[in-house]
Amino acid sequence: MLDEALSSLIMLRLRGLTQSQALAAIRHYGTAMAALTDSQSIDSHWAAILRDAIGIQEARECALREMEFCQEHRIEVIPYSSDKYPLRLRQVKDAPIVLFYRGTTALNHTHSISIVGTRHITEYGKQMCNSLIKDLREMLPNSLIVSGLAYGVDIHTHRACLKYGIDTVGVLAHGLDRIYPRRHEKEAREMLSHGGLLTEYFTGTNPDKGNFVRRNRIVAGMTAAILVVESAAHGGSLITTAIASSLGREVMAVPGRITDEYSAGCNHLISQKKASIITSAADILHIMGWESAPVQGEVSLFPTFSPEQERILAMLSKKDAITMDGLANQLGTTSARVANLLFDLEDAELVVRMPGNFVRKA
């Protein structure tokens, strides 16, 4: 009997099937297993692929080799339909079908932020990474910080998280059989027990330029917000923030002097009202509507929701479905804020997101 992880890997290796077609099939059938076992498909292209016995066998052998490697190296294979798959990432149009993950922290996290920025970090950028993470640890220790393990802002973010004890996940542009750049291997190993490493790529995949571009949609999509610490006027991190904004994520930026090259991108985002200004961890909590929780208390079996979340449930109980923009208008807030409010409600299986940006009660 095929399990879901193996089935998903097989679909990624089927000849004649693109990744976008494989994702569409999984979304249609609900699971990769259901897609692969449909013997009466009315879709001629999919039916032809399922009839290709040699192609399926080759894909299966490749998938089994990958599963064997993952089992040997304690790598978790998380398929798109798994409860462990980042809930927010499913909103991405071309979301990964499978994630390879090695680490200790849960990927579905209410208080999660992606921190990005230039490879050419300045002393000011280093100071801001350090102070923001330090204060965030004091105010909201149960946070998750995501970045890309690259030079500059990425690695200084990870280092600050390791220093102050906040879980941090690095999203890689290659397989988990290597670390790139090699200079960050020490931090990567520490992160395995204080967060983790995540990728969509099979072992043996090189860190090619295009992979870094594609991994940015994971960085932008799996968290509640994105923060740019430093960026040039045309920095690559601005592309990541554009993806995050299109997904309804909160975009934030650290301001700098107007004469500083690597603050130009941040200052532009702020001046164009495309990002909220961040000067401290307190600003982050205020913008996100997160309450400071320096001391972790007992976990309740019966979760409580904020007044805004209770209002959303009340509104949805009166209508079949409402758009996120409609909810934002009725609440007098932004779509990004609504997306964050909905996360806990989705996690509690009280609401369901639908095509067309609609939301309904579960």
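Residues numbered from 1 in each chain as written. Predicted model: local features only at pLDDT ≥ 70, side-chain atom pairs only at ≥ 80, totals over all residues. Heavy atoms only, no water.

Read from one edge of the open sheet, nine strands run β1-β2-β6-β5-β4-β3-β7-β8-β9, paired in mixed fashion. Where the open sheet ends on each side, the last strands, each with one partner, are β1 (76-79) and β9 (276-277). Here four bridges tie strand β3 (residues 112-116) to strand β7 (residues 225-228), and the two strands are oriented parallel to one another. From the neighbouring strand, Val-116 faces β7, where its bridge partner is Val-228. On the sheet, helix α1 (residues 4-13) packs against β1 and β2 (98-103) and is oriented at approximately 75° with respect to β1. Packed onto the sheet, helix α12 (residues 281-288) meets β3, β7, β8 (250-253) and β9 and runs at close to 160° relative to β8. (Pairing = 2+ DSSP bridges. Helix = DSSP H or I, 4+ residues; strand = E, 2+ residues; numbered from the N terminus. Contact = heavy atoms within 4.5 Å. Axes fitted to C-alpha atoms, helices over the stretch in contact; angles between N-to-C directions.)

What follows is about the state of the cysteines. A disulfide bridge is the covalent bond that connects two cysteines by way of their sulfur atoms. Under the criterion given, the structure shown has zero disulfides. Between Cys-129, a free cysteine, and Cys-161, which holds the nearest cysteine sulfur, the sulfur-to-sulfur gap is 9.0 Å. (Disulfide = S-S within 2.5 Å.)

As a further point, take the nonpolar core. By size, the foremost hydrophobic cluster in this structure holds 68 residues, and its most contacted members are Met-11, Leu-14, Trp-46, Phe-100 and Leu-198. A per-element tally of this core places α1 first, with six residues. Those residues in contact with Trp-46 that sit more than four places away from it in its chain are Met-11, Leu-14, Leu-17, Tyr-29, Ala-35, Leu-36 and Ser-41. Among the nonpolar cores identified, the runner-up in size contains 26 residues, and Ile-115, Leu-136, Val-254 and Trp-290 belong to it. (Core = buried A, V, L, I, M, F, W, Y, C linked by side-chain atoms within 4.5 Å. Buried < 20%, exposed > 50% of the residue type's maximum accessible area, 1.4 Å probe, protein only.)

The subject of this paragraph is unusual backbone geometry. Across the chain, the bulk of peptide bonds are trans and the bulk of non-glycine residues have phi less than zero. Cis geometry marks the peptide bond from Tyr-180 to Pro-181, where omega comes out at -5°. Locating Pro-181 in the fold gives a position in the loop between β5 (167-171) and α8 (185-191). Positive phi values are uncommon outside glycine, yet Leu-149 reaches one of about 60°. The phi torsion at Lys-273 lies on the positive side, around 60°, for a residue other than glycine.

With that out of the way, let us pick up the packing of aromatic side chains. All chains considered together, the criterion is met by three aromatic pairs. Positioned above the aromatic ring of Phe-202 is the side chain of Arg-13, whose terminal nitrogen or guanidinium carbon lies 3.7 Å from the ring centre. When the ring centre of Tyr-80 is taken as origin, the NZ or CZ atom of Arg-90, which lies over that ring, is 5.7 Å away. (Phe/Tyr/Trp six-rings, centres within 6.5 Å; stacked < 30°, edge-to-face > 60°. Lys NZ or Arg CZ within 6 Å of the ring centre and 35° of its normal.)

Counted under the stated rule, the structure contains twelve salt bridges. Here Lys-126 makes a salt bridge to Glu-123, at a shortest N to O gap of 3.2 Å. Taken as a pair, Lys-126 and Glu-123 lie in helix α6 (residues 123-139) at a separation of three residues, close to a single helical turn. Note on Lys-126: relative accessible area 30%, which makes it partly exposed. (Salt bridge = Lys/Arg side-chain N within 4 Å of Asp/Glu carboxyl O.)

Counting through the fold element by element, Leu-6 comes out in helix α1. Once residues lying within four places of it in the same chain are set aside, the contact partners of Leu-6 are Arg-60, Ala-63, Leu-64 and Met-67.

Below, the discussion takes up the sheet that holds strand β12 (residues 358-361). The strand order β10-β12-β11 describes an open sheet built from three strands, whose pairing is antiparallel. On the outer flanks of this sheet lie β10 (322-323) and β11 (351-354), each paired with one strand and no other. Taken together, the two bridges between β10 and β12 define a ladder with antiparallel strand orientation. Among the inter-strand pairings, Ile-322 is bridged to a residue of β12, identified as Val-359. Against the sheet, helix α15 (residues 335-347) engages β11 and β12, with an angle of about 125° to β11.

Let us now look at the environment of Val-92. Mapped onto the secondary structure, Val-92 falls in the loop between β1 and β2. Looking at Val-92, the relative accessible area reads 4%, which means it is buried. A sequence separation of 217 residues divides Val-92 from Gln-309, and the C-alpha atoms of the two residues are 23 Å apart. Dropping the residues within four chain positions of it, Val-92 is found in contact with Arg-27, Arg-217, Gly-221 and Leu-247.

It is worth spelling out the environment of Asp-3 at this point. Residue position: Asp-3 is located in the segment before α1. Measuring from C-alpha to C-alpha, the distance between Asp-3 and Ala-32 comes to 8.9 Å, with 29 residues separating the pair along the chain. Of the polar contacts made by the side chain of Asp-3, one reaches the backbone nitrogen of Leu-6; its length is 2.8 Å. (Polar contact = N/O pair within 3.5 Å; in protein donor to acceptor, adjacent residues only side chain to side chain.)

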